[in-house]
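Summary of the model geometry
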Amino acid sequence: VLTSRVVEEGRARHLETAWISGRTGATLVASRTPLARAAYPPRFAWEQTPELERRYPLDGPLRGLALAGVDSDGRPDLVVADERGITIQALQDGSLVPVAGATFRPGGLVLSVDAADVNGTGRPQIVVVDARLVGDAVHSTVLELVGGRLRPIYEARDRYLRVIPVGGESWLVEQAIGLTEPFGARIRRLVWRDGRYHDGPTLAVPKDVTVYGLALLRLTGAAEPDVVALTGEDRLTVWTARGRRIWTSAEAYGGPAVTFPMSAATERRDEIRIGRIRGRIIALPDRPEGPEILVFGNFIPLVGGARTLFPGVAPTLFTQGRIHRLRWTEGQFIPVWQSRTTDGYIADFAYGSMDGDGFPKVVVGVVPRGLNLDTLNPVGRPRGQLVVYELP
């Protein structure tokens, strides 16, 4: 199969072509040709049509990604996290530009980042979770941009914090670390009132569910939202609010590439357990055809069973990924669209208006894991990129 696509990286454009085996799905031959911009006015409508995919290179790797209007200019901003910290970046003249002073560096390795108005104040908060080798195993921080600087307004030790959209609201939920496992059994909502967070209701979720890879959607018509989550086996599963399982995917989704070690006290001795940051699930706006979600899937080409045979090693081997759009119909999620295969694993993704044009886009954080100058450099850091899709 011969495929081709035009991609834009900043202000540069390239034509990518590839021969793909129809039997194995492997890429046999690939080429990349730079394109020059036309110096004459367009004559046909297709010459003015924007590309369906754009790319923006980053200076380093990527751990987390969020999209929100953090500053007061009314335009959306990108909150980008690598393993060391977060930066706020704005899109200007086709390139990403860091917002001066809007950085934050926690005391450990970043595990996740979110941005949304969880306090109901009209301005978004940024939620950062990091893992530490000394002292607190996990530390979470809620930040606000004040006077051009990111200031902590809340910190929690040994707690994972995550933002989960529910209908038109953004809920801040927390989950404690476990005694013998990276994640505890209980997830509860935090509610902002009188200038601080209060413990809210506990969410009824199955045992294997964590704050990562969790979405709350109304699928069955019940008053309480149903639970949609990625399990430890990388299967997408739906439960009612009362805990009854109603559907599990046959295909694997998720495939977390962000992992972290944690010391767990067992009956025998202290053991090292590996925590996995499961992939994000994003609910799309309501459609007449039925509720829809976006979820990514990382994989290893030609080695489909690796994630089952070697669950502890597979996250370090993922080299490609896709974004999937799924629709809930007749008691199950069915695929309605998927992106092209990415040139690297997907670390995180976001959905919203990136350039202020009012048209939401899928913004995907991709990190290469092939044989190139960046990945072969023993002292270098792989440079990620943002791949932007417009949903059909």
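Conventions adopted
- Residues numbered from 1 in each chain as written.
- Predicted model: local features only at pLDDT ≥ 70, side-chain atom pairs only at ≥ 80, totals over all residues.
- Heavy atoms only, no water.
- Helix = DSSP H or I, 4+ residues; strand = E, 2+ residues; numbered from the N terminus.
- Buried < 20%, exposed > 50% of the residue type's maximum accessible area, 1.4 Å probe, protein only.
- Contact = heavy atoms within 4.5 Å.
- Areas by Shrake-Rupley, 256 points an atom, 1.4 Å probe, with all protein chains shown as cover.
- pLDDT = per-residue confidence, 0-100.
- Pairing = 2+ DSSP bridges.
- Axes fitted to C-alpha atoms, helices over the stretch in contact; angles between N-to-C directions.
- Salt bridge = Lys/Arg side-chain N within 4 Å of Asp/Glu carboxyl O.
- Phe/Tyr/Trp six-rings, centres within 6.5 Å; stacked < 30°, edge-to-face > 60°.

Moving on to the overall build of the chain. Scanning the chain from terminus to terminus reveals two helices and 29 strands. For the chain, buried positions account for 48% of its 392 residues. Put simply, of all contacts in the chain between residues at least 6 apart along the chain, 46% involve residues at least 24 apart. Of the roughly 19,900 Å² that the chain leaves accessible, carbon and sulfur atoms contribute 52%.

What follows covers the confidence of the model for the chain. Put simply, the chain has an average pLDDT of 84, and 83% of its residues get 70 or more. Confidence drops under a pLDDT of 50 for residues 39–51, and excluding neighbours within four residues, the segment shows eight contacts in the predicted structure.

Time to look at the pairing of strand E28 (residues 361–367). Summarising burial for E28: seven of the seven residues are buried, a large majority. By the alternation rule, side chains of E28 split into Lys361, Val363, Gly365 and Val367 and Val362, Val364 and Val366, which are all buried. Relative to E28, strand E27 (residues 345–352) runs antiparallel, the two sharing seven bridges. The residue bridging Ile346 from the neighbouring strand is Val366, located in E28.

Another point: unusual backbone geometry. In the Ramachandran plot, Asp158 falls in the positive-phi region, its phi being about 60° despite a non-glycine side chain. Inspection of the secondary structure puts Asp158 in the loop between strand E12 (149–157) and strand E13 (159–166). Positive phi values are uncommon outside glycine, yet Asp234 reaches one of about 60°. By the secondary structure assignment, Asp234 is in the loop between strand E18 (226–230) and strand E19 (235–239). We classify Asp234 as buried; its relative accessible area is 6%.

So, on to the sheet that holds E13. Taken in spatial order, the four strands make up an open sheet running E13-E14-E15-E16, and their pairing is antiparallel. The open sheet terminates on both sides in strands that have one partner only, identified here as E13 and strand E16 (196–203). When the angles between neighbouring strand axes are averaged without regard to direction, this sheet yields 35°. As paired strands, strand E15 (residues 187–193) and E16 are joined by six bridges and run antiparallel to one another. Looking at the pairing, Val191 lines up with His198 of E16.

Using the criterion set out here, one finds 19 salt bridges in the structure. For Arg162, the salt bridge identified is with Asp114, shortest N-O distance 3.2 Å. One end of the pair, Arg162, is in strand E13; the other, Asp114, is in strand E9 (residues 109–116), and 48 residues separate them in sequence. Asp114 carries the same exposure label as Arg162, and that label is buried. Across the pair Arg188 and Asp199 runs a salt bridge whose closest N-O atoms are separated by 3.2 Å. Of the two residues, Arg188 is situated in strand E15 and Asp199 in strand E16; the sequence distance between them amounts to eleven residues. One salt-bridge network, held together by shared partners, links Arg287, Glu289, Glu292, Arg325 and Arg327.

The next thing to look at is the sheet that holds strand E10 (residues 125–131). Spatially, four strands are ordered E9-E10-E11-E12 in an open sheet, and the strand pairing comes out antiparallel. The open sheet is flanked by E9 and E12, the only strands paired with a single partner. Across the sheet, the axes of successive neighbouring strands diverge by a mean angle of 25°, strand direction being ignored. Pairing of E10 with strand E11 (residues 138–146) involves six bridges; the strand directions are antiparallel. What sits directly across from Val127, in E11, is Val142.

Our focus in this paragraph is the packing of aromatic side chains. For the structure shown, the criterion picks out twelve aromatic pairs. Look at Tyr160 and Tyr212: their rings are 6.1 Å apart centre to centre, the planes differ by 85°, and that puts the pair in the edge-to-face class. Note that Tyr160 is positioned in strand E13 and Tyr212 in the loop between E16 and strand E17 (214–217), a separation of 52 residues in sequence. Take Tyr160 and Tyr212: they sit in the same class, and that class is buried. Ring centres of Trp247 and Trp328 lie 6.4 Å apart, and the angle between their planes is 85°; this geometry places the pair in the edge-to-face category. Taken together, the residues span a long stretch of sequence, with Trp247 in strand E20 (residues 245–252) and Trp328 in strand E25 (residues 320–329) at a distance of 81 residues. Comparing Trp247 with Trp328 shows no difference in burial state: the two are buried.

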